[in-house]
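Notes for the structure review
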Amino acid sequence: MSRMLDAVGRLIARYLQKPVAGYEPFTPSDPDALRHALEPGDVLLVEGNNNISGVIKYLTQSTWSHSALYVGPIAGCVTEDGEPHVLIEANVGEGVVSAPLSKYLRFHTRICRPVGLTEDDCAAVCAYAVGRIGFAYDLKNIIDLMRYLFPLPVPQRWRRRMMALGSGDPSRLICSALIAEAFRAVHYPILPKITAARSLQAVEQLLEIRHSSLYCPRDFDISPYFEVVKPTIAAGFDYKMLQWADAPAIVDAALPLAPQPRETAGAMAA
């Protein structure tokens, strides 16, 4: 049965991986600013352009359909052009792999940075993700997602649970689950369930970590424990340096920029 599901999942994966025609990011990333802004432990959210991206966007009601963990240069992993692999991600049809940053430079992206993560825990998070390279993608999850490609109304309260369906095999992961498990290994919160424990002496909040399969890319964006880093601003933004297409390249200092009094205007004409 498992082999049959895997075979069906691979067929569906081929369809889901096909890019959507006419995709054009509304705000593509600034390559240089993005490279300089990223730090190990950052979560890079991506607005994808394939069929599965559309499914995830619908189910999560979010711009973000994919997530990858930035771990810095990985030894022995480079492209043919010599660019180092710096991202760990789980992809349909590939499983958990490493990738260069250039893969997503033409996409709309967002950096989410864990606040206050210690250096040791950051290293542990990155090592956890790197150690999962080679794990398979959860094809059972793809079969579940395929049911929702049809244009049927789905109540919002059910969408999160739909994303959680999967094989239950810890060696099979989807993109958000991979990153969630990496942070779970050091007990760093993303969107924990909060319950109140009441006693006669004190009232305290107990944080319960959600199951990794319940996470989706947008959770890192809305998490109160992750900071949104905008590369253009981090690099130092000065709106005065922008070149507008409808503005003259050179402004003549002799021309007034405001209406002049009649006397002054007459004197200028003379």
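Preceding this paragraph is the structure being described.
With respect to a nonpolar patch on the surface
Together, Ile 233, Phe 237, Tyr 239, Leu 242 and Trp 244 line one region of the surface with nonpolar side chains, adding up to about 600 Å² of accessible area. Tracing the chain through its elements places Tyr 239 in the loop between α9 (231-234) and α10 (262-269). Taking the relative accessible area as the measure of exposure, Tyr 239 reaches 52% and is therefore exposed.

Observations concerning the packing of aromatic side chains
This model, assessed by the stated rule, comprises five aromatic pairs. Here the aromatic rings of Tyr 104 and Phe 107 are separated by 5.9 Å at their centres, their planes lie at 65°, and the arrangement is edge-to-face. The exposure class assigned to Tyr 104 is buried, which follows from its relative accessible area of 7%. Between Tyr 188 and Phe 226, the ring centres sit 5.5 Å apart and the planes meet at 85°, which makes this aromatic pair edge-to-face. Within this pair, whereas Tyr 188 is found in the loop between α7 (175-184) and β8 (193-198), its partner Phe 226 is found in strand β10 (residues 226-229), the two being separated by 38 residues in sequence. Residue Tyr 188 is classed as buried on the basis of its relative accessible area of 11%. Given the relative accessible area of 6%, Phe 226 is considered buried. Taken together, the aromatic side chains of Phe 183, Tyr 188, Phe 220 and Phe 226 make up a single cluster linked through ring pairs. Above the face of the Phe 107 ring, Arg 106 is positioned so that its terminal group lies 4.8 Å from the ring centre. Just above the ring of Tyr 128 sits the side chain of Arg 132; from NZ or CZ to the centre is 3.6 Å.

Topic: the nonpolar core
If you look at the biggest cluster of nonpolar residues, it comprises 29 residues, and the most contacted ones within it are Val 43, Leu 69, Ile 88, Phe 183, Ile 190, Phe 220 and Phe 226. For this core, the secondary-structure elements that each account for two or more residues are β1 (43-46), β3 (87-91), α4 (119-131) and α7. With six residues, the top contributor of residues to this core is α7. Each residue touching Leu 69, except ones within four places of it in the same chain, is listed here: Gly 41, Asp 42, Val 43, Val 86, Leu 87, Ile 88, Val 125, Cys 126, Ala 129, Ile 179 and Phe 183. By size, the runner-up hydrophobic cluster in this structure holds 16 residues, among which are Val 86, Leu 87, Tyr 104 and Phe 107.

Side note on the pairing of strand β2 (residues 66-70)
A large share of β2 lies buried, amounting to five of its five residues. Alternating residues of β2 divide into His 66, Ala 68 and Tyr 70 and Ser 67 and Leu 69, and every residue in both groups is buried. Where β2 lies against β3, two bridges are found, and the strand directions are antiparallel. Paired with Tyr 70 across the two strands is Leu 87, which belongs to β3.

Reading guide: rules and limits
Residue positions are given per chain, counted from 1 along the sequence in the order it is written. Predicted model: local features are reported for residues with pLDDT of at least 70 only, side-chain atom pairs are reported and counted for 80 or more only, and whole-chain, interface and lining totals are derived from all residues. The basis for every side-chain value is the complete set of heavy atoms in the structure, and neither hydrogens nor water enter the calculation. Patches in this entry comprise residues that are over 30% relatively accessible and not in a salt bridge; like charges within 9 Å are linked, as are nonpolar side chains (Val, Leu, Ile, Met, Phe, Trp, Tyr) within 5 Å. Each accessible area is a Shrake-Rupley estimate made with a 1.4 Å probe; only the visible protein chains count as cover when residues are assessed. Each salt bridge in this description consists of a side-chain nitrogen of Lys or Arg and a carboxyl oxygen of Asp or Glu lying within 4 Å of one another. For the purposes of this entry, the term helix denotes a DSSP run of H or I that reaches at least four residues, the term strand denotes a run of E that reaches at least two, and both are numbered from the N terminus. Residue exposure (1.4 Å probe, protein chains only): buried if accessible area is under 20% of the type maximum, exposed if over 50%, otherwise partly exposed. Each Phe, Tyr or Trp ring (for Trp, its six-membered ring) is paired with any other whose centre lies within 6.5 Å, and the angle between the two planes then decides the class: stacked below 30 degrees, edge-to-face above 60, tilted in between. Distance and angle both matter: a charge sits over a ring if NZ of Lys or CZ of Arg is within 6 Å of the ring centre and within 35 degrees of the ring normal. We define the nonpolar core as a collection of buried residues of types Ala, Val, Leu, Ile, Met, Phe, Trp, Tyr and Cys that are connected through side-chain atoms lying within 4.5 Å of one another. We call two residues contacting when some pair of their heavy atoms lies within 4.5 Å. At least two DSSP bridges between two strands are needed for those strands to be called paired.

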